[in-house]
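# Coordinates in review
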Amino acid sequence: MLRNAVNYTPWSEEVRVAVDALGDRAVLSVSDHGVGVAEEELPHLFKPYSRLERTSRVQGTGLGLYISKAIVEAHGGTIQVQSKLGSGTTFTVTLPGALGEVTHAAPTICSAIGS
């Protein structure tokens, strides 16, 4: 998810990574202001060998998001995507917490410009 965000975001834009606790769950989000994904393409993002036609300038096999989803689900979590063509994308991973319920966690945010 992070590599995709960096690959599809212009140098002048931020890629943000945030980690937070929500009750007994850990929440990780990766957001960019890149090319975005059309609504009709969203259901295909997590399929094996799925690549968007307009992304030919970026090398890849189309397996990254498929593998990410399999790992997240194997750990009892979920992965969701929100995107708007031309405006960017946010992936959100929610995983069960290993330390029990956390009620006062401050979010951790990292951002980078370019790759």
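In this text the structure is predicted, and so the values were computed from the model without any measurement.

Turning to the overall build of the protein, a few remarks are in order. The helix and strand tally for the protein stands at two helices and five strands. Taken across its 115 residues, the protein has 29% of its residues classed as buried. A sequence separation of at least 24 residues applies to 59% of the contacts in the protein between residues at least 6 apart. About 7500 Å² of surface is accessible on the protein, with carbon and sulfur atoms providing 56% of the total.

Structurally, Thr9 is set in the loop between α1 (2-7) and β1 (14-22). A distance of 2.5 Å separates a polar atom in the side chain of Thr9 from the backbone oxygen of Ala5. In contact with Thr9, not counting residues within four places along its chain, are Glu14, Val15, Asp32, His33 and Gly34.

Bringing the packing of aromatic side chains into the picture now. Here the structure, examined in full by the defined rule, presents one aromatic pair. An angle of 85° between the planes, with centres 6.2 Å apart, marks the rings of Phe46 and Phe91 as edge-to-face. Residue Phe46 is located in the loop between β2 (25-32) and α2 (64-74), and its partner Phe91 is located in strand β4 (residues 88-96); the two are separated by 45 residues in the primary sequence. The pair formed by Phe46 and Phe91 is uniform in burial state, with each residue classed as buried.

This paragraph deals with the pattern of salt bridges. Tallying each qualifying case throughout the model produces two salt bridges. A salt bridge links Glu73 to Lys69; its shortest N-O distance comes to 3.8 Å. With Glu73 and Lys69 both in helix α2, this residue pair falls four residues apart, about one helical turn. For Lys69, a relative accessible area of 29% puts it in the partly exposed group.

Here the focus is the nonpolar core. Judged by nonpolar contacts, Val37, Leu42, Leu45, Phe46, Leu65, Val72, Ile79, Val81, Phe91 and Val93 together constitute the single largest core of ten residues. Setting aside anything within four residues of it in sequence, one finds Val72 in contact with Gly77, Thr78, Ile79, Val93, Thr94 and Leu95.

Below, the discussion takes up α2. Those residues of α2 that fall on the buried side of the exposure criterion are Leu65, Ser68 and Val72. End-on, the buried residues of α2 take up no more than an arc of 55°, which puts them together on one face. Just past α2, the residue Gly76 takes up positive phi, approximately 80°.

Turning to the pairing of strand β3 (residues 78-84), a few remarks are in order. Where β3 lies against β4, seven bridges are found, and the strand directions are antiparallel. Across the sheet, the residue bridging to Ser83 is Thr89, located in β4. Counting the residues between successive antiparallel strands, the hairpin from β3 to β4 contains three residues, one of them, Gly86, with a positive phi of roughly 85°.

Moving on: the environment of Ile79. Topologically, Ile79 is positioned in strand β3. Once the C-alpha coordinates of Ile79 and Phe91 are considered, the two residues, twelve residues apart in sequence, prove to be 7.0 Å apart. Each residue touching Ile79, except ones within four places of it in the same chain, is listed here: Met1, Phe46, Lys69, Val72, Thr92 and Val93.

Procedures and definitions
Residues numbered from 1 in each chain as written. Predicted model: local features only at pLDDT ≥ 70, side-chain atom pairs only at ≥ 80, totals over all residues. Heavy atoms only, no water. Helix = DSSP H or I, 4+ residues; strand = E, 2+ residues; numbered from the N terminus. Buried < 20%, exposed > 50% of the residue type's maximum accessible area, 1.4 Å probe, protein only. Contact = heavy atoms within 4.5 Å. Areas by Shrake-Rupley, 256 points an atom, 1.4 Å probe, with all protein chains shown as cover. Polar contact = N/O pair within 3.5 Å; in protein donor to acceptor, adjacent residues only side chain to side chain. Phe/Tyr/Trp six-rings, centres within 6.5 Å; stacked < 30°, edge-to-face > 60°. Salt bridge = Lys/Arg side-chain N within 4 Å of Asp/Glu carboxyl O. Core = buried A, V, L, I, M, F, W, Y, C linked by side-chain atoms within 4.5 Å. Arc of directions from axis to C-beta. Pairing = 2+ DSSP bridges.

So yeah, pure geometry; function would need other evidence.
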